[in-house]
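Residues per chain are reported as follows:
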Amino acid sequence: MRTALLVLVCLSLIFATASAQGIVVPGDADGDMIVSDEELEQAEKSFDEGKITSEQLEEIRHIHDHYPITIVDSANRTVTIYKPVDSIIPMVTWSYEPVWLLGAQDKVVGVTTDAQDTEYPWFDGIEDKPAIGTYKELDYEKVADLHPQLLIVGPALIVKRVDVEKLESLGISVVALSFNNQETFDTEFRTLAKILEEDELAEDFLSWKNGHLDQIKENVLGIDRKVRVYGEWTYSQWCTSVAGSSGLHSLIITSGGENIAGNLSISEGSTVLYVDPEWVFKENPEVVIFSAFGDYTGYTKDSYENAEQFVSEAYNRIGLKDTDAARNSKIYLIDGKCVETVRGFIGDYYLSKWLYPEKFEDLDLEDIESIHKEYFEEWLGVPYQGIWAYPLASA
């Protein structure tokens, strides 16, 4: 009697079991979201009886062998994935390139307007994806309609703006990954790769990326006196980065520089700090680096006009114009995606060349562009173009 009942339950629920979280796991008959040995045996029997297809059986067997997967995300949350992820919404702007690098772009069922209109309009097919709000605010109704298995959000938004409980009640797994800091990127990338079952591809990419990064680190290792650097974002004057807070700080440190704001404190929950122009003047940075957002650099740019104008105006700003950086013509601009994202190592090449030209005398613009092109065309699968730094690195 017990066996007969189990057969009936399995047949009726094998592809329609919904847990309390709303997650449907093929082959799970008792609602615990796990395919047990007994449930797998029942699925095999159902296949033998012609009640399920070989593809359905293979899916159940795969889930039995490889799931659940448990990860700890960047908000220190433990998240369990119960079946292969076939639909994703990246809410974090800097998660788009990692998703594409792992070959999961076809799994993206919805995108932010930021990614679609401003940051990644050059991704093939992204213009046809449904918009689900911005990187700050979700359209919950639209997300519910699309019903992705995975939503990638920023760690800060988990606390401030994302209703995780509401999303999980719809059967959507919410994972916090930022991808905006070189110090944590590899860990986050491996986490995403684990979720997507692309661990080998992730390790291949990280080996390639870190091989280039190691060359930079070796060249700047043991520098007696580090060049003092002030970093700022183009969208907000006197907004700078302190230790551990963003990719801008990581860029300066990895390139062998000393962030003049590195030891300053920020308020809890913040990632930036506003400083006084007089403080910057007194600190007298030797190099100023801007992380560019806006119409200065990027994939679709073919003119240096806006970047040149921005840098020219920076030389005349009170607080900067009388620093060593201005006097010695060492104010530079790097596209934000080569600072805040997976491509931080490209920004490292530019900045290390500017900081220590004698240590990188064999590195020229063509070398940097060749590496950047390889990233685009061999890893991202996108033709290389654009303007990414100003003024250009030179021998």
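Quick caveat: nothing in here was measured; it's all calculated off a predicted structure. (Residues numbered from 1 in each chain as written. Predicted model: local features only at pLDDT ≥ 70, side-chain atom pairs only at ≥ 80, totals over all residues. Heavy atoms only, no water.)

A. Examining the overall build of the chain more closely. What the chain contains, in helices and strands, is 16 helices and 12 strands. Counting all 395 residues of the chain, 53% fall into the buried class. Accessible surface, the chain: about 17800 Å² in total, of which carbon and sulfur atoms supply 47%. (Helix = DSSP H or I, 4+ residues; strand = E, 2+ residues; numbered from the N terminus. Buried < 20%, exposed > 50% of the residue type's maximum accessible area, 1.4 Å probe, protein only. Areas by Shrake-Rupley, 256 points an atom, 1.4 Å probe, with all protein chains shown as cover.)

B. Structural context of the environment of aspartate 362. Mapping aspartate 362 onto the fold places it in the loop between α15 (344-355) and α16 (365-380). As for aspartate 362 and arginine 343, which are separated by 19 residues in sequence, their C-alpha atoms are 21 Å apart.

C. Inspection of the side chain of aspartate 28 at higher detail. Examined against the element boundaries, aspartate 28 turns out to sit in the loop between α1 (2-13) and α2 (37-48). Although aspartate 28 lies buried, it forms no salt bridge, and the closest oppositely charged side chain, lysine 83, sits 9.9 Å away as judged by the N-O distance. Reaching out from aspartate 28, the side chain makes a polar contact with the backbone nitrogen of aspartate 30 at a distance of 3.4 Å. Here the side chain of aspartate 28 touches aspartate 32 through a polar contact of 3.4 Å, landing on its backbone nitrogen. (Lys, Arg positive; Asp, Glu negative; His and termini not counted. Salt bridge = Lys/Arg side-chain N within 4 Å of Asp/Glu carboxyl O. Polar contact = N/O pair within 3.5 Å; in protein donor to acceptor, adjacent residues only side chain to side chain.)

D. Region of the structure containing empty space enclosed by the protein. All told, the structure shown has 1 cavity of 30 Å³ or more when counted by the stated rule. Empty space within the largest cavity amounts to approximately 40 Å³. As for the largest cavity, its lining consists of Gln182, Phe185, Lys209, Leu213, Thr341, Val342 and Phe345. At the level of secondary structure, the elements contributing two or more residues to the lining of the largest cavity comprise α9 (182-196) and α10 (199-220). Within the lining of the largest cavity, the residues separate by chemical class into 4 nonpolar, 2 polar and 1 charged. (1 Å grid on protein atoms, 1.4 Å probe; cavity = no way out; pocket = protein on both sides within 12 Å on 5 of 7 lines; lining within 4 Å. Points joined across faces, edges and corners; volume = space filled by probe spheres on them. Nonpolar A, V, L, I, M, F, W, Y, C, P; charged D, E, K, R; others polar.)

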